[in-house]
Amino acid sequence: MGCFSSKPDDASAIRRRPASIGEVAVFVPGLRVPEPLELPPPPLADCLPRRLTERLAVSRTRIASMAAREALAVSRPRWRAITQHGGSTSADLVQALEEYLPVVLGMTKDGSELEDKIQFAWMNQEDDAEETALPSAWYEVLSVVHMMAMLRLSQANSLLLPKTSLEGYHTKVSEENKRASVEVFLKAAGHLECAMQHVLPRMSPEKRKGLPVDLSEGVLRATCMQALGQAIDVQLGLAIDSPKATLAVKRRLACEMVKCWQQAHESIGDLPLLDGWGEKHRLFVKWKHIEAKARVVHRLLPFFPCLRNLNPDDDLFAKITLSSRPRRTTTTG
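Small disclaimer: the values here were computed from a predicted structure and weren't measured. (Residues numbered from 1 in each chain as written. Predicted model: local features only at pLDDT ≥ 70, side-chain atom pairs only at ≥ 80, totals over all residues. Heavy atoms only, no water.)

K.L.:
Can you explain the overall build of the protein? Please cite residues and give values.
P.N.:
The helix and strand inventory of the protein stands at 9 helices and 4 strands. Counting helices and strands in the order they occur from the N terminus, the protein gives β-β-α-α-β-β-α-α-α-α-α-α-α. Looking at the 333 residues of the protein, the share that counts as buried comes to 48%. Restricting to contacts in the protein with at least 6 residues of sequence separation, those with at least 24 account for 72%. Only carbon and sulfur atoms are counted for the fraction: they give 54% of the accessible area of the protein, which is about 17,500 Å². (Helix = DSSP H or I, 4+ residues; strand = E, 2+ residues; numbered from the N terminus. Buried < 20%, exposed > 50% of the residue type's maximum accessible area, 1.4 Å probe, protein only. Contact = heavy atoms within 4.5 Å. Areas by Shrake-Rupley, 256 points an atom, 1.4 Å probe, with all protein chains shown as cover.)

What follows is the structure in structure tokens.
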């Protein structure tokens, strides 16, 4: 019912692509912001439950206001907006999205006639068309789940950035913050996995073709693997610093980390991302894939002295992987 639309930006003031995003520990793809609710013209609008449309409009307006402030915080990682109640904008926004999600899911139940009656519009950062609108409640669910994942990545970035002391020195990231970031990364990956497995398949092929690039399956999968890769990276660092962690655990984490970044790189490498935020995302994934392999060699080489005199052209990562496998022992009777 109806058609999807995408319109270019009308003025540079509404564009949310900062020229520089500053120092980051976690690259957060462009945060998407909901636009005012578009209701169908009469008489179709008169058939919609008034209570539902009012609740949708109020919730989306609240989320849009909070998301605008959070978008500024994402573009300036060292500046975090604080609400009047003392909590972070990100945490409040996640809560607002969790309260809003059941309302939209109610429109997608089997037999519901509301699934494609309302036009939902969101402002994109990775899509040059900026605004994408679709008459689909599943598109709204996908956008909400995507925003929840991006907010988790933003929270992880805040946890992993070293704080600056009053004297101007950078303090080390605490072990507590590192462990907390792993949990946040896993939540982000869970949101994106849910989007790919349970939301995208519910949308018709026609509407999936109308999705912006930042909601394409390739970008969702790349970002999911990014979240898992960075979670494992933090776990590997903690394991290497721990005298209790065995070499087998370190090897397993190292292999899993490189595999995640390889999958992320393969998922995003061939997508038609335009210059700007999307290209920065692609470059970040490519850099982290290369860095992951180099970091494995740098961190695990001390445990394999026999590999130090290898030819520099040899694949050290593959050799470390093979060398660290447990040897099979045999016993004779």
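Once the structure has been displayed, the description carries forward.
K.L.:
Account for the pattern of salt bridges, with residues named and values stated.
P.N.:
Think of it this way: side chains of opposite charge can pair up when their charged atoms draw near. For the structure on display, the rule yields 13 salt bridges. Here E99 and R62 are joined by a salt bridge, their closest N and O atoms 3.5 Å apart. You can see E99 sitting in helix α2 (residues 89-105) and its partner R62 sitting in helix α1 (residues 50-75), a full 37 residues away along the chain. Residue R62 is classed as partly exposed on the basis of its relative accessible area, which comes to 42%. Across the pair R221 and E217 runs a salt bridge, and its minimum N-O distance is 3.2 Å. Of the two residues, R221 and E217 both sit in helix α6 (residues 217-241), 4 residues apart, roughly one turn of that helix. Classification of R221 by relative accessible area gives partly exposed; the value is 30%. (Salt bridge = Lys/Arg side-chain N within 4 Å of Asp/Glu carboxyl O.)

K.L.:
Account for the environment of R62, naming residues and giving values.
P.N.:
Along the chain, R62 and A96 lie 34 residues apart, while their C-alpha atoms are 8.1 Å from each other. Setting aside residues no more than four positions away along its own chain, R62 makes contact with A96 and E99.

K.L.:
Tell me about the packing of aromatic side chains, and name the residues and values.
P.N.:
Taken as a whole, this structure holds 3 aromatic pairs when the rule is applied. Every member of this aromatic cluster is reached through a ring pair, and the members are F27, W261, F284 and W287. The cationic tip of K288 hangs over the ring face of W287; the distance from NZ or CZ to the ring centre is 5.3 Å. (Phe/Tyr/Trp six-rings, centres within 6.5 Å; stacked < 30°, edge-to-face > 60°. Lys NZ or Arg CZ within 6 Å of the ring centre and 35° of its normal.)

K.L.:
If you had to explain the pairing of strand β4 (residues 131-134) to someone new, which residues and values would you point to?
P.N.:
Burial along β4 is two-sided: E131 and A133 facing one way and T132 and L134 facing the other are all buried. Relative to β4, strand β3 (residues 120-123) runs antiparallel, the two being bridged by 4 bridges. Residue pairing across strands places M123 opposite E131, the latter belonging to β4. (Pairing = 2+ DSSP bridges.)

K.L.:
Talk me through the confidence of the model for the protein; I want residue IDs and the actual numbers.
P.N.:
Detail in the predicted coordinates should be disregarded across regions flagged by low pLDDT. On average, the protein scores 78 in pLDDT, and the residues at 70 or more come to 70%. Ranking the elements of the protein by mean pLDDT puts strand β1 (residues 5-7) last, at 47, and helix α4 (residues 175-199) first, at 96. Across residues 1-16 the pLDDT falls below 50, and counting only partners more than four positions away or on other chains, this stretch makes 34 contacts in the model. Within the model, pLDDT remains below 50 along residues 80-87, and this stretch shows 16 contacts once partners closer than five positions in the same chain are excluded. (pLDDT = per-residue confidence, 0-100.)

K.L.:
Describe in detail the nonpolar core, supporting the description with residues and values.
P.N.:
With 83 residues, the main nonpolar core has L142, M147 and F185 as its most contacted residues. Counting only elements with at least two residues in this core, the list comes to α1, α2, β3, α3 (137-160), α4, α6, α7 (247-268) and α8 (277-300). Of all the elements, α3 adds the most residues to this core, at 15 residues. The contact partners of L142, leaving out residues within four places of it in the chain, are A195, V199, L200, M203, L211, L215 and L220. (Core = buried A, V, L, I, M, F, W, Y, C linked by side-chain atoms within 4.5 Å.)

K.L.:
Would you mind going over the packing of α2 against α3 in detail, with residue names and values included?
P.N.:
As a packed pair, α2 and α3 sit with axes 10 Å apart at the nearest point and diverge in direction by 160 degrees. As the angle between them shows, α2 and α3 are arranged roughly antiparallel. Here α2 runs over α3; the crossing is left-handed. Contacts from S90, A91, L93, V94, L97, E98, Y100, L101, V104 and L105 in α2 reach A137, W138, E140, V141, V144, M147, M148, L151, R152 and Q155 in α3. Residues of the contact of α2 with α3, tallied by class, amount to 15 nonpolar, 2 polar and 3 charged. (Axes fitted to C-alpha atoms, helices over the stretch in contact; angles between N-to-C directions. Parallel < 35°, antiparallel > 145°, perpendicular 65-115°, else oblique. Left-handed = near helix turned anticlockwise from the far one by under 90°. Nonpolar A, V, L, I, M, F, W, Y, C, P; charged D, E, K, R; others polar.)

K.L.:
Can you explain the pairing of β3? Please cite residues and give values.
P.N.:
Side chains of β3 alternate between two faces, with F120 and W122 and A121 and M123 buried alike. Where strand β2 (residues 33-34) lies against β3, 2 bridges are found, and the strand directions are antiparallel. Counterpart to V33 in the pairing with β3 is M123.

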